[in-house]
Amino acid sequence: VFDYEISYKVCHVEKVGKREIRHYTDMPPLLCSRWVLKPPVASYGFMLEDLEANKEYSNIVIRCRNKIGWGPQSKPLDPIQTLEAVPPTCPLFFSCVKCTSAIIAFTWGEPANEGGSPIVDYVITYTEVALKDNQEVGVKSEAEKYEEIEHEVSVGGSHCYHSLLDLRGDTNFKNWEIRAVTECGLKSEPTTHAPIRTKFPTRRQLVQKEILRTKQTQGEFIDSDFYQGFVQREEKLDYLGRLEEELATLPEDFDESLFVGSEGQKKAKKRWGKLKFGAAASRGLGYGAHGGGATEEQVNEQLMPGFTRRKTQFTYRIKQLEEEIDQLEVDKNDAVSNRSYLTYQMGHMQTRIIALQAEMDRVATFKGEDINSDVIHGTDQRFTVEKLKSDLIVELENAQGSIAAWKQEVIHGDRMKIEFAKKRQKKIEALKERRAAYKSFMNQAKRSRKFNSRFNKDSGDFKEKYFERWCENAQTRVRVRNVMLKVWGDQSSRFKKAAWHKWVFGSHAGAGGTLEDKYQIISAGGKLLVKNEEGRMENIKDMADVLVKLTEVQKDAKLGQYTRKQRDALEKNIHFGESELGHTLGSYERDLAHMIQGDAFLNIRKYDEAMQCYHRQLEQMKEEDDPNEPDVKVLAMLYGRKGKVELARRAWDRAILDYERQRSLATEISSDVEWAGAFMGLGEGYLGKGDYQNSRVLFEQAMLKCIVIGDKVRQARAYRGIQVSYERLHNPLYAARFKEKADKLVMENQNRIVDAFTVMEDLRARLIDTTANMGEVIQMERITAGCIRMRADRVKLEEKIEAAEERHEEQLKAVRQVDELLLKIDNQLEEAKTTDKDEMTSALIHEKEQVFEVEELKMRLAEKRKRVVVDQEEQNRRERRMKQDIINKKDDLAGLEQDLMVEQGPLMQQVMKARILRCIGLNPSNTAGNEVTGTATGGIEYVAGAETNNVTVYDIHTGDLKLVFSGDEEGRHVGEPLGHTSVITCILFHDAKIYTGSMDTSIMCWDIETEEREWVGLGHEATVTCIYVDAFKLISGAADTKIIIWDKETGLMQKLVHGHSRGVSCIQCGPTWFVSGGTEGEVRVWNHLPVAEDPKYKLIKCKRRLKGHGCKVTVVKYGKLEIISGDAEGKIIVWWLKTGDIVQKCQAHKGVVTDLQFDATKIVSSGVDHNLQVIDITTGEVLQTLRGHEGPVVGLAFDTLQILSASSDGTLRHWEWGSASKRADKLHLYDSGDNLAKISRKYKVPIADIIRWNGITDVKKMYIGQKLIVQKGNPDEPTEAELKAATKKEQNRQREAKVDEKIKLAMKKAEEEMAKANGNTLDADPLAIDSYLEKATMASRLQSDQGALLPVEYLEIDEEEEKEKNKHNDFTSLAARIKNTGKTKNQLRVKVDVKKQWEQNVQNTEYKPDRLAIADQMGLFILHQVVDEFVQRDVVKEAMANDMFNESLGGRFFNYGKGKRPIYKAARRFGNALDYAREEDVKNG
């Protein structure tokens, strides 16, 4: 086949009304062979170029041709739609073909590529540097003289030529650019041209310009030097008339050619120079050689014309550059300070967003109509719920918009900072260059001035000096000429003598063995020459030895290119001794000095000298060797080297001949080493000739021979040759395959070094590059579902055993009671039998004291005994049965413990750890509450995972496995599967629900509270790859390219969305939007109406398509004004949602990005490289790298205190933000229907703790939406309410202490005055003296009958009896009687019953208290407490003087508090001192 022909049709669409009619036009066939190319036949493909954009091409067929003729056409391809048009390439060959004083003509070539749309126009732009009109006389500054005028000219067609007319003469035109414009309005990149200066203007142009200037001048007079050459003032009207008269006399076709070659041109230049620079510029300075009174500037101007102007230009440019550098530095500093300010503002606004979100959560759960809030205005104000919701939404949107705008400004500022730095550096380099040029310029002026002064000072000395130098040069030339003539004459004489000697004797003089015999020595110089010649021969010999040693070094260097493994394999090969790596040329028996010398010349690329050496070696071998037995091995080596030289000369045919000779010689001796070299050289020769097919075959043969001899380096060269051959044959598949093989061999050593450095770098990073503090590391428990059931059974069994033991204890009490009753019956029956009374009292018959006749009592006791005996047997039987039941349950518990030991043993642990946690879901509800561990704001304190087809739930604080939703097997039982039947590929944990997707194409919802599966969603046709949930819907994506919206409560499909061309790999959704990423590398943003307006999601529109990832998008997150996405190559891209532009891009991970989260200032991402990265969202720089996980990190979340990461290695890790993280308090939002009892039961917290932690003083003051602490983050730290209570308590204590101190001082003063009145001096407290007891004291009144506080019978006690009664808490003891103020047991029981009833009423949600009754009771209670307080204090004080101090209630109570704290403190703490004593009695048993 030597040619191919492609035929195709183009489709033209015509719209007729709403219909589209397609017309197909046949395009002329296109031959594919290009005979100017080395491979002329397009055997592997052809590119159709210059097609139209956005056009359909169909019926594309191809046929081929050989010597016989054309073959049949192929099957047509599917119609192909070309892409949208792109800008064309720049125009070619933009050049100026003519330039006059008023015309510049250009030509150019069409662009190489029109971009799919025809060229309709060209646009030429340029800048004119023109003199300003109406200049004042004496203006010197260039900037004031000139102005730059921008021009844009449209050519008006697609032709490639254009002329600009009516231009100014002698004017610079710069910034030339031309752009091509296509039919669809796209412009190409510009093609530029060097600046152009028009020629001098004609006289007509000068006159016209002067007329225009005159007309524009205001006033009656005008200053001009147009006619006179110097400035003079003339009347404007007369001057204008003269100019118009001259203009009328000038011909219309007058141009610059009139001036060429004549004096008129000089005059025109001079006058034009006057017009530009003023008359002074053309008149000169007129200073003489010595300058008279000329200044240094004037002398420099005379010696270097234009010196002043150039110096002014230098100084102006240097000053301008310095100012620009200073301004750029200021701009850079402003950008840095502005960035700091904006970053602070973003952090502050992020804090406000968190507060707004928390307030929105509180409002969402609020049930009332009006609510107080201080988030909007900073002060507590009252809102309606709807108003507050709308205000919060607006405020949140404003905050997010502000952050996004600031973020964009920060990114722009960073870019400008970099741009400022680059510009500043360029300006600094330009300033250095200008200063150096200015320095050189001034030095040149200084040298000129110095030379001029010296020359003017004494010109005769200079002339004399230069004449002397000329004479010296002339003498030198004469002397050299005489020496050369002498040398040539002596040489000519020797040549003549030698010729005469040979003609006479038939041979040269001295043709013997030594140099003295060879040459005729005629003088001492001849002997020296002979000696030098002998030295040269010695040097040649020494150099030959050096070359031999260098060949040894070269051999070692070549071996150094091999790895140790390759070198060992090469040295063990049987052909190693035959190769040149196994020996050197110097080790041969014969002399190979010429070959060694030729190799040296070849290495330094002196190919002619190398070839001469190889020829001399060949001649030497012909002379020394027997023609019938030549040294074939050396000959093969020699021809191989000759082939190398010819390859270096690019003489391919000669090289092929030499290598063919080497191959034939290798065949004679069957040398694989020489075969390898010959095939390699032949392959390179044919490759150079362009015969790629033969070169490929020869390289393959060389590769096989290299494998035989074990030479990996030369084998890699052969692979490389095969690769190049396949590339030239347009077979990229095989070329890539052999390139990979060659790289593997060549880079083996380098790859090992790189791998070693990589490992070392990783170890170093693990040691010193962990830039964040790692907090708690939690190992997730890896056990089976059976182990969980066993643990639950063990807990239940332990509870049952405990309950059974309690019942058994109660039964033992019942048995003892029956035994005691039986013993009492027997004792009373025995007493009745032995008594001589007629009647007896007994409480055993009717459980109260009654009087019976003795005989009747005996009979009734006997009957009672029989019933008690039967009851005793029944109670004993129950006790034995309960005891046996406990033993059986303990046996079951022991068996269960053994099973648990097996389940938790090392073997099962090893099996479970081998199961990788493919997916881990952290609950986003915790992140919304700014507490990733779920301990606050009603969060979820669990984390979900997936291993194979099982769903596992772990405690987020301990890692304990709490729940397992097991997978199922297809067909294991009748009905639908109870779980996933294949591997779970995605998981989402939202509130108390877990949503999972699997390779079985199903989606399942699991409830962790009911521990049941709620629903199954079927609709996808391939693996479900991603799931996300918001408040209204569940949305999923799969490998079948579909996106499905589900009802998250029922699992019913709501909407099926198409858009991605390949599988959907990640997704996120919100109330009116969702964003998805696909494996084709595209991110799509979708919009829909709110659920209330469109419950079936009928109107879904793709708002934007973001293209920038070159691979699969693995994670995508939505912001208010930006989208952040990560891909499979570890890149993270920040998109600006409004425009779709890429704001920031960074390389975050080495591999797939698995998850990310961001806020106003940073991005935290995780990847399969086991790391977490903290990235500055504005600069894209990696701020921190968090290392520690030993497996891919598959989930993360962060709040203001810490980062929580989850890895497939089975660990949860806490990372602290800068300082130690503080665990937050767990909160409950008080709702309608809540009460303290219900909250206590829900969180298993005592009511007293809730009251104490939250400072609740009145339940009626609690309101809906109030946040209650139900679990302290740090149990050792008090809450805010506890701190306030403690502070208030301390203040009360201090106040009471001051009052007590005042009372003590008053009492002491009164006692002192009483003692003075009685004539006694009170030195100490009389109550402290045991022997002294005043009758008026309370103790005296208690012990006497006069004015006693209690009846006399309460005071008549026995000490031992009192002690015994106190031990049993008897109500008849003195302590009990004083404590209870004479009340009976039944009266106290009523009080206890009332207290219990009050507690029950508090816990009862329907209880409505009688507030009036409670107020009365509270008043009486406070009154009794006050009275009891004073009575008890007096009792304790007076008891100190009582002889029964240690045994009395007051004594025991006082002793407890003695030395520790005053008694009244304890009294106030417990309400009264006697309650405290009761507590101590209970504690002491």
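What counts and how
- Residues numbered from 1 in each chain as written.
- Predicted model: local features only at pLDDT ≥ 70, side-chain atom pairs only at ≥ 80, totals over all residues.
- Heavy atoms only, no water.
- Patch = residues over 30% accessible without salt bridge, like charges linked within 9 Å, V, L, I, M, F, W, Y side chains within 5 Å.
- Areas by Shrake-Rupley, 256 points an atom, 1.4 Å probe, with all protein chains shown as cover.
- Salt bridge = Lys/Arg side-chain N within 4 Å of Asp/Glu carboxyl O.
- Helix = DSSP H or I, 4+ residues; strand = E, 2+ residues; numbered from the N terminus.
- Core = buried A, V, L, I, M, F, W, Y, C linked by side-chain atoms within 4.5 Å.
- Buried < 20%, exposed > 50% of the residue type's maximum accessible area, 1.4 Å probe, protein only.
- Contact = heavy atoms within 4.5 Å.
- Pairing = 2+ DSSP bridges.
- Axes fitted to C-alpha atoms, helices over the stretch in contact; angles between N-to-C directions.
- Phe/Tyr/Trp six-rings, centres within 6.5 Å; stacked < 30°, edge-to-face > 60°.
- Lys NZ or Arg CZ within 6 Å of the ring centre and 35° of its normal.
- pLDDT = per-residue confidence, 0-100.

Trainee: Hey, could you go over a nonpolar patch on the surface for me, with residue numbers and the actual values?
Mentor: On the surface, Val 480, Met 484, Leu 485 and Trp 488 cluster together into a nonpolar patch covering about 390 Å² of accessible area. Note that Leu 485 resides in helix α8 (residues 459-505).

Trainee: Describe the nonpolar core, naming the residues involved and giving the relevant values.
Mentor: By size, the foremost hydrophobic cluster in this structure holds 29 residues, and its most contacted members are Met 680, Tyr 719 and Ile 722. Mapped onto this core, the elements with two or more residues apiece are α15 (652-669), α16 (672-689), α17 (692-709), α18 (712-728) and α19 (732-746). Those residues within four positions of Met 680 in sequence are excluded, and the remaining contacts are Phe 699, Ala 702, Cys 706, Arg 714, Arg 717 and Ala 718. Core analysis: the second largest hydrophobic core is formed by 24 residues, Cys 1026, Ile 1043, Trp 1046 and Trp 1086 among them.

Trainee: Account for the sheet that holds strand β40 (residues 1141-1147), naming residues and giving values.
Mentor: Pairing within the open sheet is antiparallel, and its four strands lie in the order β37-β38-β39-β40. Of all strands in the sheet, those bounded by a partner on one side alone are β37 (1113-1118) and β40. Within the sheet, the average angular offset between the axes of one strand and its neighbour, ignoring direction, is 20 degrees. Judged from the six bridges that link them, strand β39 (residues 1131-1136) and β40 form a sheet pairing that is antiparallel. Across the sheet, Val 1134 pairs through a bridge with Gln 1144, a residue of β40.

Trainee: Talk me through the packing of aromatic side chains; I want residue IDs and the actual numbers.
Mentor: For the coordinates displayed, the defined rule picks out 18 aromatic pairs. Taking 6.3 Å as the distance between ring centres and 70 degrees as the angle between the ring planes, the aromatic pair formed by Phe 94 and Trp 108 counts as edge-to-face. Of this pair, Phe 94 sits in strand β6 (residues 92-99) while Trp 108 is found in strand β7 (residues 104-109), placing the two residues 14 residues apart along the sequence. Here Phe 94 and Trp 108 have matching classes, each one buried. Summarising the aromatic geometry, the rings of Phe 173 and Trp 176 are spaced 6.3 Å apart at their centres and angled 45 degrees between planes, so their arrangement reads as tilted. Under the relative-accessibility criterion, Phe 173 is labelled buried at 1%. Taken together through their ring pairs, the aromatic side chains of Phe 94, Phe 106, Trp 108, Tyr 122, Tyr 126, Phe 173 and Trp 176 make up a single cluster. Residue placement shows Arg 63 over the ring face of Trp 70; its charged tip is 4.5 Å from the ring centre.

Trainee: Which residues make up the pattern of salt bridges, and what are the values?
Mentor: The full count for this structure, using the stated rule, is 52 salt bridges. Across the pair Asp 743 and Arg 720 runs a salt bridge, and its minimum N-O distance is 3.0 Å. With Asp 743 in helix α19 and Arg 720 in helix α18, the pair connects residues that are 23 residues apart, well separated along the chain. Under the relative-accessibility criterion, Asp 743 is labelled partly exposed at 24%. As a salt-bridge pair, Asp 885 and Lys 889 come within 2.8 Å of each other at their nearest N and O atoms. Of this pair, Asp 885 and Lys 889 both sit in helix α22 (residues 854-903), four residues apart, which is roughly one turn of that helix. Classification of Asp 885 as partly exposed rests on a relative accessible area of 29%.

Trainee: Provide a residue-level description of the pairing of strand β47 (residues 1211-1216), including the pertinent values.
Mentor: Within β47, six of the six residues are buried, which leaves it mostly tucked inside the rest of the structure. On β47, burial covers both faces: Thr 1211, Arg 1213 and Trp 1215 on one face and Leu 1212, His 1214 and Glu 1216 on the other are all buried. For strand β46 (residues 1202-1207) and β47, the ladder comprises five bridges, and the chain directions are antiparallel. Looking across to β47, one finds that Ser 1205 is bridged to Arg 1213.

Trainee: So what's going on with the confidence of the model for the protein? Residues and values would help.
Mentor: Looking at the protein, the pLDDT average stands at 78 and 77% of residues meet or exceed 70. Contacts for the low-pLDDT stretch residues 253-292, under 50 throughout, to residues beyond four places or in other chains number 56 contacts. Counting contacts from residues 767-771, a segment whose pLDDT is below 50, to residues more than four positions away or on other chains yields eleven contacts.

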